[in-house]
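Overview (structure and organization)
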There are 2 protein chains.
Amino acid sequence: MDPDAVAKAFVDHYYNIFDTNRAGLVSLYQDGSMLTFEGQKIQGVQGIVGKLTSLPFQQCKHNISTVDCQPSGPAGGMLVFVSGTLQLPGEQHQLKFSQMFHLMPTQSGSFFVFNDIFRLNYA
Amino acid sequence: MDPDAVAKAFVDHYYNIFDTNRAGLVSLYQDGSMLTFEGQKIQGVQGIVGKLTSLPFQQCKHNISTVDCQPSGPAGGMLVFVSGTLQLPGEQHQLKFSQMFHLMPTQSGSFFVFNDIFRLNYA
């Protein structure tokens, strides 16, 4: 399958879960996964999903501007680089963000998120 | 050595070369390296440095806002995620950008850029 199509499908899937049922992101991380969220480092699926579900808003909406991807090496991983905006409830302005994912293949032929780095891009 | 210190040192080194002598970036890429620059995909050190040296400005200045890093897996690679602004000659406003590097170890114990994805973050 075309890597760009896989990356786009992953990004749509990820933010759809994030925006509708953040706890469901548990299926996309594993114990070795790492998240750096606005500079805070968290390792392991439980800690990562705990962080994401405890963010101080109930609903949000990601709007994707760009998705770039590259293979990360012989292990079959894929780097996915996203830019876009984030709409929070009660906020008039959208927040710009950038995020990168390093996807690694699972034994079942799917992908999980091994690396995840998120930053808001303050104007 | 502390990975965050290595990442910060790489970033300072990379943008110092970029801002003073772009052709010198040839030492940081290899034949298998990949660059995605504003969506354009380029592979190999010659193509990458050719692209970067042909950008339509002579001088620029990167100002770094954030540097995040994570290990990318058992091969000893490091993911480096940068946000900042770019000052171009004759431009009143700085351009916001995000960039990610996947550094892989060289045989001499240093690092080279295996993956590089760059995006301007338009306001």
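Structural data are supplied above this passage.
Residues numbered from 1 in each chain as written. Chains lettered and ligands numbered in written order. Predicted model: local features only at pLDDT ≥ 70, side-chain atom pairs only at ≥ 80, totals over all residues. Heavy atoms only, no water.

What follows concerns the overall build of chain A. Counting its regular elements, chain A contains 2 helices and 6 strands. Going from the N terminus to the C terminus, chain A shows its helices and strands as α-β-β-α-β-β-β-β. Here chain A has a C-alpha radius of gyration of 14 Å; the compact-globule value for 123 residues is 14 Å, and the two agree. Overall size of chain A, expressed as C-alpha extent along the three principal axes, is 45 × 30 × 25 Å. Across the 123 residues that make up chain A, the buried fraction comes to 51%. A sequence separation of at least 24 residues applies to 45% of the contacts in chain A between residues at least 6 apart. Carbon together with sulfur atoms contributes 54% to the accessible area of chain A, which is approximately 5,900 Å² in total. (Helix = DSSP H or I, 4+ residues; strand = E, 2+ residues; numbered from the N terminus. Rg over C-alpha atoms; globule rule 2.2 N^0.38 Å. Buried < 20%, exposed > 50% of the residue type's maximum accessible area, 1.4 Å probe, protein only. Contact = heavy atoms within 4.5 Å. Areas by Shrake-Rupley, 256 points an atom, 1.4 Å probe, with all protein chains shown as cover.)

In this section: the pairing of strand β3 (residues 61-71) of chain B. The pairing of β3(B) with strand β4 (residues 78-87) of chain B spans 10 bridges and is antiparallel. Paired with Gln70(B) across the bridge in β4(B) is Leu79(B). (Pairing = 2+ DSSP bridges.)

Attention shifts here to the interface of chain B and chain A. How big an interface is tends to be reported as the loss of accessible area on association of its parts. The interface of chain B with chain A comprises 29 residues on the first partner and 29 residues on the second. With both chains or domains summed, chain B and chain A bury close to 2,400 Å², and 58% of this area falls on carbon and sulfur atoms. Sorting the residues of chain B by area buried against chain A places Gln70(B), Phe81(B) and Arg119(B) first, and these three jointly supply 26% of that buried surface. Across the contact surface, chain B and chain A share 4 salt bridges. The residue Asp4(A) makes a salt bridge to Lys41(B) at a minimum N-O spacing of 3.0 Å. Counting across the chain B and chain A interface gives 13 residue pairs in polar contact (both at pLDDT 80 or more). Where the side of chain B that touches chain A is concerned, the elements lending two or more residues are β1 (29-37), β3, β4, β5 (95-105) and β6 (111-120) of chain B. A breakdown of the residues in the side of chain B that touches chain A according to their chemical character gives 11 nonpolar, 12 polar and 6 charged. (Buried area = accessible area lost by both parts, 1.4 Å probe. Salt bridge = Lys/Arg side-chain N within 4 Å of Asp/Glu carboxyl O. Polar contact = N/O pair within 3.5 Å; in protein donor to acceptor, adjacent residues only side chain to side chain. Nonpolar A, V, L, I, M, F, W, Y, C, P; charged D, E, K, R; others polar.)

Quick look at the relation of the copies chain B and chain A now. Rotating chain B by 180° and moving it 0.0 Å along the rotation axis overlays it on chain A with an RMSD of 0.0 Å. Between the two chains, the operation in question is that of a two-fold axis. (Least-squares fit on C-alpha atoms with pLDDT ≥ 70 in both.)

Residues and elements named next belong to chain B. Note that proline 3 resides in helix α1 (residues 3-20). Residue class for proline 3 comes out partly exposed when judged on its relative accessible area of 43%. Put simply, proline 3 and tyrosine 14 are 11 residues apart on the chain and 16 Å apart in space, counted from C-alpha to C-alpha. Leaving out residues up to four positions away in the same chain, proline 3 has contacts with Cys69 and Met78.

All names here are of chain A. Along its 18 residues, helix α1 (residues 3-20) runs 26 Å from first to last C-alpha, staying within 8% of the 26 Å computed at 1.5 Å per residue. Of all the residues in α1, the buried ones are Val6, Ala7, Phe10, Val11, Tyr14, Tyr15, Ile17, Phe18 and Asp19. Of the surrounding elements, those touching the buried residues of α1 are β1 (29-37), α2 (45-53), β3 (61-71), β4 (78-87), β5 (95-105) and β6 (111-120). (Expected span 1.5 Å × (residues − 1).)

Quick look at the layout of surface pockets now. Size it by volume and the largest pocket reaches roughly 250 Å³. Considering the residues around the largest pocket, the lining is formed by 17 residues, among which Pro3(A), Cys69(A), Gln70(A), Pro71(A) and Lys41(B) are closest to the centre. Elements with a contribution of two residues or more to the lining of the largest pocket: α1 and β3 of chain A together with β1 and β2 (40-43) of chain B. Residues belonging to the lining of the largest pocket are distributed by class as follows: 10 nonpolar, 5 polar and 2 charged. Empty space within the second largest pocket amounts to approximately 190 Å³. As for the second largest pocket, its lining consists of 14 residues, of which Ala75(A), Ser72(B), Gly73(B), Pro74(B) and Ala75(B) are closest to the centre. Elements supplying a minimum of two residues to the lining of the second largest pocket: β5 and β6 of chain A together with β5 of chain B. Tallied by class, the residues present in the lining of the second largest pocket amount to 8 nonpolar, 6 polar and no charged. (1 Å grid on protein atoms, 1.4 Å probe; cavity = no way out; pocket = protein on both sides within 12 Å on 5 of 7 lines; lining within 4 Å. Points joined across faces, edges and corners; volume = space filled by probe spheres on them.)

Glancing now at the environment of Val6(B). Residue and element names in this part refer to chain B. Within the secondary structure layout, valine 6 lies in helix α1. Residue classification places valine 6 among the buried residues on the basis of a relative accessible area of 17%. Not counting residues within four places of it along the chain, the set of residues in contact with valine 6 comprises Met1, Met78 and Phe111.

Geometric descriptors of this kind do not, in isolation, establish any biological role.
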